[in-house]
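Now for the letters of each chain:
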2 protein chains.
Amino acid sequence: MSDKVARLADVARTAQVSVATVSRYLNNQLQLPDDTATRIRQAIAQHGYQPNPHARSLSLGRSETLGLVVPDIANPYFARLAAAVEREAARQGYGLTLCASLNTQEREREYLARLSRTAVDGIIFVSNHADDGSLRDPINSSNRRIVILDEDIAGVRGSKVFSDNEQGGYLAGRHMIEMGHRQIAFFGGPEAMRSTQARLAGVRRAIEESGEPAELRDIYFGSYSPEHGRACAERFLSSGLGATALLVTSDEIMIGALEIFRREGVRVPDQLSLIGFDDIAPFVLFDPPLTSIRQPVEAMGRRAVDLLIRGLKGEDVDGVVEHLPVELVLRQSVARPPREAITRKTKRP
Amino acid sequence: MSDKVARLADVARTAQVSVATVSRYLNNQLQLPDDTATRIRQAIAQHGYQPNPHARSLSLGRSETLGLVVPDIANPYFARLAAAVEREAARQGYGLTLCASLNTQEREREYLARLSRTAVDGIIFVSNHADDGSLRDPINSSNRRIVILDEDIAGVRGSKVFSDNEQGGYLAGRHMIEMGHRQIAFFGGPEAMRSTQARLAGVRRAIEESGEPAELRDIYFGSYSPEHGRACAERFLSSGLGATALLVTSDEIMIGALEIFRREGVRVPDQLSLIGFDDIAPFVLFDPPLTSIRQPVEAMGRRAVDLLIRGLKGEDVDGVVEHLPVELVLRQSVARPPREAITRKTKRP
DNA sequence: CTCATTTACGTAACCGGTTTACAAAACGAG
DNA sequence: CTCGTTTTGTAAACCGGTTACGTAAATGAG
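Criteria and cut-off values
Residues numbered from 1 in each chain as written. Chains lettered and ligands numbered in written order. Predicted model: local features only at pLDDT ≥ 70, side-chain atom pairs only at ≥ 80, totals over all residues. Heavy atoms only, no water. Salt bridge = Lys/Arg side-chain N within 4 Å of Asp/Glu carboxyl O. Buried < 20%, exposed > 50% of the residue type's maximum accessible area, 1.4 Å probe, protein only. Near = heavy atom within 4 Å. Polar contact = N/O pair within 3.5 Å; in protein donor to acceptor, adjacent residues only side chain to side chain. Helix = DSSP H or I, 4+ residues; strand = E, 2+ residues; numbered from the N terminus. Nonpolar A, V, L, I, M, F, W, Y, C, P; charged D, E, K, R; others polar. Pairing = 2+ DSSP bridges. Axes fitted to C-alpha atoms, helices over the stretch in contact; angles between N-to-C directions. Arc of directions from axis to C-beta. Contact = heavy atoms within 4.5 Å. Buried area = accessible area lost by both parts, 1.4 Å probe. Core = buried A, V, L, I, M, F, W, Y, C linked by side-chain atoms within 4.5 Å. Expected span 1.5 Å × (residues − 1). Domains from an automatic or database assignment. Phe/Tyr/Trp six-rings, centres within 6.5 Å; stacked < 30°, edge-to-face > 60°. Parallel < 35°, antiparallel > 145°, perpendicular 65-115°, else oblique. Least-squares fit on C-alpha atoms with pLDDT ≥ 70 in both.

S.K.: Which residues make up the pattern of salt bridges, and what values do they have?
M.R.: Taken as a whole and judged by the stated rule, the model has 53 salt bridges over all chains. In this structure, B:Asp152 and B:Lys160 form a salt bridge, with 2.9 Å as the shortest nitrogen-oxygen distance. The exposure classification of B:Asp152 matches that of B:Lys160, with both residues buried. One continuous salt-bridge network, built from bridges that share partners, spans A:Arg303, A:Asp306, A:Arg310, A:Glu315 and A:Glu322.

Here it is as structure tokens:
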């Protein structure tokens, strides 16, 4: 029991072979006579030898570690995504370094720089806002392999994994129309984001395909936050236009919107039908349980890691873009529309 | 624009100095004449030089990276904890490698082995179940620095950071007693866990201190899961003993319990007063908004990182144990007790 | 002017692996 | 028995930094 950690050289000396022999035996599955192999194994056990990862990384030029950039892990949606990514990375023998960008481009770039300087072999990048273009270049000029996950960043090369946002909007829209709604409202995320536009386009397609005289109105854009949800709901109620069904495009927005609807006494689904998006929050427990589009979070995380690692192993995955299928989870927040439109009670006491 | 990444030697050559000079200029804040310093800066800029982290780690014997072992990042409580840890680590210039143990000791040990082999300088360990002793030795024999966070593991050396669970139980208990409750139920986590016992002890202390003839009954233990919450609630209702207030010691358990209470038509707080623990889930939106003990999650994460890094920097923090203060958040799930005890409606249709 | 000290750097030895180039030994064919 | 080939093994170069040690020149004190 020496106080120093055993090195390869110690093992080699004990096994009476050279370091190269031990190294090759360990890595290159070099065929060795039983005699020699046994001596090496015993020496390793005796010293409790574990290769020094820093040395290994330096020598190999890789570290078997991936980086995940995510806006905020405290957000349950990204937490789930991160969990899925971590699980798959671990399954494939990779470690995961986590970076929370806190939704600012500055931090995103900072992290990107850090990661490209840091010991990660590749990066999974999840952003949460429209890129003004200042993210594109640093990403592309990073010499790391990159997979864009969940939200597109225009002009970035590498592979990409998204949920099928358009289909999500479509499923929600179709369900509303089938339930008899003809006036549909939409609480979107940031207007410039691809996901927002795709979801909106999906609803539009559902309307067109139905052939019904359904109308999309009260379309609001803003951040994926409860604050925006509250603002949307207040604006929606005060506009009093009488949409009978509403697609809310994220859990966060939904949480804010529900607060206002509850405060103002809006009865769901009697007065207003509601469909959520994400379906991460425990909406079963809400009052009423919320019908929602569920994103394939686990699959997205898995797929992103898989693509990234395949890329690292030399497979050509550049330009691969995947849209994973979403699902409409039926609960109790959508009903047939009421006879008359919703009328607002009071703005605030 | 060569295709090779610039090395320190390239910079040195261009700046017409030796590698040692550049390295020391970059690290040891070695004082250099403006002339030389400028040449070096220009050379660095010209090559777009970034130190190779693997080489740096090998040479320094550290990587400025911490490891976080957590049962499940998808769980909002641990997600918040992880977010806090990541934020503080980043603030102090450290990266964070994430490991989800999925609550099995096997994986915990596996990760521990991986981390002790991997390029992390220290580990923050969050476990979620009672240790049967098989975690203690691997942790102690790991040559990394360790901070135990959130849940104690007996016999582990290193520093530890917890929330003040006993105080949490106490605050909840005192509030219930002050509101007039004399029959208090307790849905605990795993019986063998320190946190569970501490919370229970806190309620006991509140009862003793009050001098009132209050009684603790319907004490159930189990996993931190909605399933356990459902089981607790069913057992509680069928026992029909008539506790009028209930402390539920985690969000997860609460979610399960609420499902049953809602299904069975238990009116909160008219029939039954409820206090939660953790206060991570959006309980404001539940019906009714839930009074809850809030754990100082951000502070815990910050503190753990801080202790770990201080330990890494040579400060003696072994044996330091901190209990961070919790907070009672008053909302609307606690009322004065009803005249008569709750009577169960039906077990199941 | 001399000697001590500081300034401004350079040389080379590490850190601990992987891998290439090559030697010695063993083996087989002719 | 000789020569080529395979097996088994070694020495040393490399990955790209950090840093102990050393030295030449400049500065300053006496």
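S.K.: Summarise the protein's contact with DNA strand D; cite the residues concerned and give the values.
M.R.: Not every one of the 26 residues close to DNA strand D is listed here, only the nearest: A:Ser18, A:Arg24, B:Ser23, B:Asn27 and B:Ser59. Considering DNA strand D, the proportion of its atoms within 4 Å of the protein that are sugar or phosphate atoms stands at 61%. The contact in question runs from a base oxygen of DNA strand D to an N or O atom on the side chain of A:Arg24, over 2.7 Å. Contacts to DNA strand D include A:Gln31, whose backbone N or O atom sits 3.5 Å from a phosphate oxygen. Elements represented by at least two residues in the surface near DNA strand D include exactly helix 2 (19-27) and helix 4 (53-60) of chain A together with helix 2 (19-27) and helix 4 (53-60) of chain B. Split by residue class, the surface near DNA strand D holds twelve nonpolar, ten polar and four charged.

S.K.: Residue-level account of unusual backbone geometry, with values.
M.R.: Residue A:Pro269 is reached from A:Val268 by a cis peptide bond, and omega for that bond is 5°. Note that A:Pro269 resides in the loop between helix 11 (251-263) and strand 9 (273-278). A positive phi angle, close to 55°, is found at A:Asp218, a residue other than glycine. Within the secondary structure, A:Asp218 sits in strand 7 (residues 215-220). By relative accessible area, A:Asp218 is classed as buried at 8%. Residues other than glycine seldom take positive phi values, yet B:Asp278 does so here, at roughly 105°. The topology assignment puts B:Asp278 in strand 9 (residues 273-278).

S.K.: Can you break down the sheet that holds strand 8 (residues 245-248) of chain B residue by residue, with the values?
M.R.: Residues and elements named next belong to chain B. Taken together, six strands build an open sheet; the order of strands is 7-6-8-9-10-12 and the sheet is mixed. What marks the edges here is a single partner per strand, and that holds for strand 7 (215-220) and strand 12 (327-329). Geometrically, the sheet is characterised by an average inter-axis angle of 20° between neighbouring strands, direction not taken into account. Across three bridges, strand 10 (residues 291-294) lies against strand 12 in antiparallel orientation.

S.K.: Quick rundown of helix 4 of chain B? Include the residues and the values.
M.R.: Residue and element names in this part refer to chain B. Within helix 4, the full set of buried residues consists of Pro 53, His 54 and Ser 57. The buried residues of helix 4 occupy an angular sector of 100° when projected down its axis, which confines them to one face. Structurally, the start of helix 4 carries an N-cap: the backbone nitrogen of His 54 is 2.7 Å from a side-chain oxygen of Asn 52.

S.K.: Break down the interface of chain B and chain A for me, with residues and values.
M.R.: Each partner contributes residues to the interface: chain B has 45 residues there, and chain A has 46 residues. Of the roughly 3600 Å² buried between chain B and chain A on both sides combined, carbon and sulfur atoms contribute 63%. Our count for the chain B to chain A interface comes out at zero salt bridges. Linking chain B to chain A there are five residue pairs in polar contact (both at pLDDT 80 or more). Of all the elements in the fold, those that place two or more residues in the side of chain B that touches chain A are helix 4, helix 5 (76-91), strand 2 (95-100), helix 6 (105-117) and helix 11 (251-263) of chain B. Here the side of chain B that touches chain A takes seven residues from helix 5 of chain B, the largest share from any one element. Residues belonging to the side of chain B that touches chain A are distributed by class as follows: 24 nonpolar, eleven polar and ten charged.

S.K.: Go over the nonpolar core, please, and point to the residues and values.
M.R.: Of all hydrophobic cores here, the largest spans 62 residues; its most connected members are A:Leu68, A:Ile124, A:Leu149, B:Leu68, B:Ile73, B:Ile124 and B:Leu149. Ranked by size, the runner-up nonpolar core spans 56 residues in total, among them A:Met193, A:Ala257, B:Cys232 and B:Leu258.

S.K.: Report on the protein's contact with DNA strand C, specifying residues and quantitative values.
M.R.: DNA strand C sits among 28 residues. The nearest are A:Leu8, A:Ser23, A:Asn27, A:Ser59 and B:Ser18. Here DNA strand C approaches the protein such that, of its atoms within 4 Å, sugar and phosphate make up 62%. Measuring from a phosphate oxygen of DNA strand C, one finds a backbone N or O atom of A:Leu8 at 2.7 Å. Taking B:Thr36, its side chain carries an N or O atom lying 2.8 Å from a phosphate oxygen of DNA strand C. Listed by contribution, the elements that provide at least two residues to the surface near DNA strand C are helix 2 and helix 4 of chain A together with helix 2 and helix 4 of chain B. Looking at the surface near DNA strand C element by element, the count peaks at five residues for helix 4 of chain A. Looking at the surface near DNA strand C residue by residue, the classes come out as 13 nonpolar, eleven polar and four charged.

S.K.: Outline the pairing of strand 5 (residues 159-163) of chain B, listing residues and values.
M.R.: All names here are of chain B. Summarising burial for strand 5: five of the five residues are buried, a large majority. Sheet topology note: the strand 4 (residues 145-149)/strand 5 ladder contains three bridges and is parallel. Within strand 5, the position partnered with Ile 148 by the bridge is Lys 160. Here strand 5 runs beside strand 11 (residues 321-324); their pairing, made up of four bridges, is parallel. Bridge pairing in strand 11 links Ser 163 to Leu 324.

S.K.: Explain helix 12 (residues 297-312) of chain A residue by residue, including any values.
M.R.: Residues and elements named next belong to chain A. Between its terminal C-alpha atoms helix 12 stretches 23 Å, which fits the 22 Å expected from 16 residues at 1.5 Å a residue. Every buried residue of helix 12 is accounted for by Val 297, Met 300, Gly 301, Ala 304, Val 305, Asp 306, Leu 307, Leu 308, Ile 309 and Gly 311. Gly 314 sits one or two positions beyond helix 12 and adopts a positive phi of about 105°.

S.K.: How would you sum up the domain arrangement of chain A? Please name residues and give values.
M.R.: Considered domain by domain, chain A is made up of domain 1 (3-60) and domain 2 (165-296). When each unit is reduced to the centre of its C-alpha atoms, the spacing between domain 1 of chain A and domain 2 of chain A is 61 Å.

S.K.: If you had to explain the packing of aromatic side chains to someone new, which residues and values would you point to?
M.R.: Under the criterion given, the structure shown has eight aromatic pairs over all chains. An angle of 70° between the planes, with centres 6.2 Å apart, marks the rings of A:Phe236 and A:Phe261 as edge-to-face. Linking A:Phe236 in helix 10 (residues 226-239) with A:Phe261 in helix 11, this pair joins segments that are 25 residues apart in sequence. A:Phe261 shares its class with A:Phe236; the two are buried. Ring centres 5.8 Å apart and planes at 80° place the aromatic pair B:Phe187 and B:Phe236 in the edge-to-face group.

S.K.: Hey, could you go over the packing of helix 1 (residues 8-15) of chain B against helix 2 of chain B for me, with residue numbers and the actual values?
M.R.: The axes of two packed helices give the description: the angle between them and the distance between them. Residues and elements named next belong to chain B. Two numbers describe how helix 1 lies on helix 2: the axes approach to 8 Å, and their chain directions differ by 105°. The angle between helix 1 and helix 2 falls in the class roughly perpendicular. Here Leu 8, Ala 9, Val 11 and Ala 12 of helix 1 come into contact with helix 2, specifically with Val 19, Val 22 and Ser 23. Looking at the contact of helix 1 with helix 2 residue by residue, the classes come out as six nonpolar, one polar and no charged.

S.K.: Account for the relation of the copies chain B and chain A, with residues named and values stated.
M.R.: Overlay of chain B on chain A (RMSD 0.2 Å): rotation 180°, translation along the axis 0.1 Å. On this basis, the relationship between the two copies can be described by a two-fold rotation axis. By C-alpha distance to the rotation axis, the residue of chain B lying nearest is B:Thr97, at 2.2 Å. Interface residue correspondence from chain B to chain A reaches 100%, placing this contact among same-surface, isologous pairings.

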